[in-house]
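Below, each chain spelled out in residue letters.
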Amino acid sequence: NPPFAGEIHETSLLREYELAKNDKGKLRNKMERHILFIERALDMLKPGGRLAIVLPQGVLNNTNMEYVRDYLLEKARILAVVGLHGNTFKPHTGTKTSILFLKKWAEKEKPLADYPIFMAVSKKSGKDNSGEYVYKKDKDGQILFGPQGKKYLDHDLDQIADEFISFAKNEKLNL
């Protein structure tokens, strides 16, 4: 989960990153930290290694971030994108985020032009608009407890995880 706030302006640091260069190879004046974090995280993976990274939704949606998406497609197979509910990281931030699941291409593996990607959107984060936890309740409005006496958070991420596992088996993904 990279830091979303702040930009890097130091030329000596920016020179170390492909993503800090524009399409003509010229160094940009500044870069957001989370963009550089993506490149560094992928650099640290072994070929065939996997990464799950929380990113602001704009990286995946905004037209000015296309170069980042192109970089991702060149370096790794996108396994899944899960849009998180806006309350997921409240009260700390209300930034709309997604989790991107990647598998770095093997050394001799060529990036595929087309392949299935698991997509999901979480509609229940287990938190309310204030960032307070929301728990599952029975039909009488009583909070439900698990076997160890813990309250069950009212979220849908377990269901999404199960759907991804099913998708991965159907697609014969070697995870």
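In this report, we go over the structure that sits alongside the text. (Residues numbered from 1 in each chain as written. Predicted model: local features only at pLDDT ≥ 70, side-chain atom pairs only at ≥ 80, totals over all residues. Heavy atoms only, no water.)

**Some thoughts on the sheet that holds strand E6 (residues 118–121)**
Moving on, step 1. Taken together, the four strands give an open sheet; going across it, the order is E3-E5-E4-E6, and neighbouring strands pair in mixed fashion. Two strands lie at the open edges of the sheet, namely strand E3 (50–56) and E6, each paired on one side alone. Strand-to-strand, the axes of this sheet are offset by a mean angle of 20°, without reference to chain direction.
Moving on, step 2. Here strand E4 (residues 76–83) pairs with E6 via four bridges, running parallel. (Pairing = 2+ DSSP bridges. Helix = DSSP H or I, 4+ residues; strand = E, 2+ residues; numbered from the N terminus. Axes fitted to C-alpha atoms, helices over the stretch in contact; angles between N-to-C directions.)

**Focus: helix H4 (residues 66–75)**
Moving on, step 1. By the burial criterion, the buried members of H4 are Val68, Tyr71 and Leu72. Looking down the long axis of H4, one finds its buried residues gathered within 100° of arc, a one-sided arrangement.
Moving on, step 2. Along its buried surface, H4 packs onto helix H2 (33–44), helix H3 (57–61), E4 and strand E5 (97–104). (Buried < 20%, exposed > 50% of the residue type's maximum accessible area, 1.4 Å probe, protein only. Arc of directions from axis to C-beta. Contact = heavy atoms within 4.5 Å.)

**Considerations on the packing of H2 against H4**
Moving on, step 1. One way to put it is that H2 packs onto H4 with a least axis distance of 11 Å and a crossing angle of 5°. By the criterion of interaxial angle, the relationship of H2 to H4 is roughly parallel. Packed against H2, whose contacting residues are Ile35, Ile38, Glu39, Leu42 and Asp43, the element H4 presents Tyr67, Val68, Tyr71, Leu72 and Lys75 at the interface.
Moving on, step 2. Split into classes, the residues belonging to the contact of H2 with H4 amount to seven nonpolar, no polar and three charged. (Parallel < 35°, antiparallel > 145°, perpendicular 65-115°, else oblique. Nonpolar A, V, L, I, M, F, W, Y, C, P; charged D, E, K, R; others polar.)

**Describing helix H5 (residues 157–170)**
Moving on, step 1. The terminal C-alpha atoms of H5, which comprises 14 residues, lie 20 Å apart, in line with the 20 Å expected from a rise of 1.5 Å per residue.
Moving on, step 2. Residues Ile160, Phe164, Phe167 and Ala168 constitute the buried set of H5. One side of H5 holds all its buried residues, which, seen down the axis, span an arc of 95°. Among the exposed residues of H5, those pointing more than 90 degrees away from its buried face are Asp158, Asp162, Lys169 and Asn170.
Moving on, step 3. Looking one or two residues past H5, Lys172 carries a phi angle of roughly 55°, positive in sign. (Expected span 1.5 Å × (residues − 1).)

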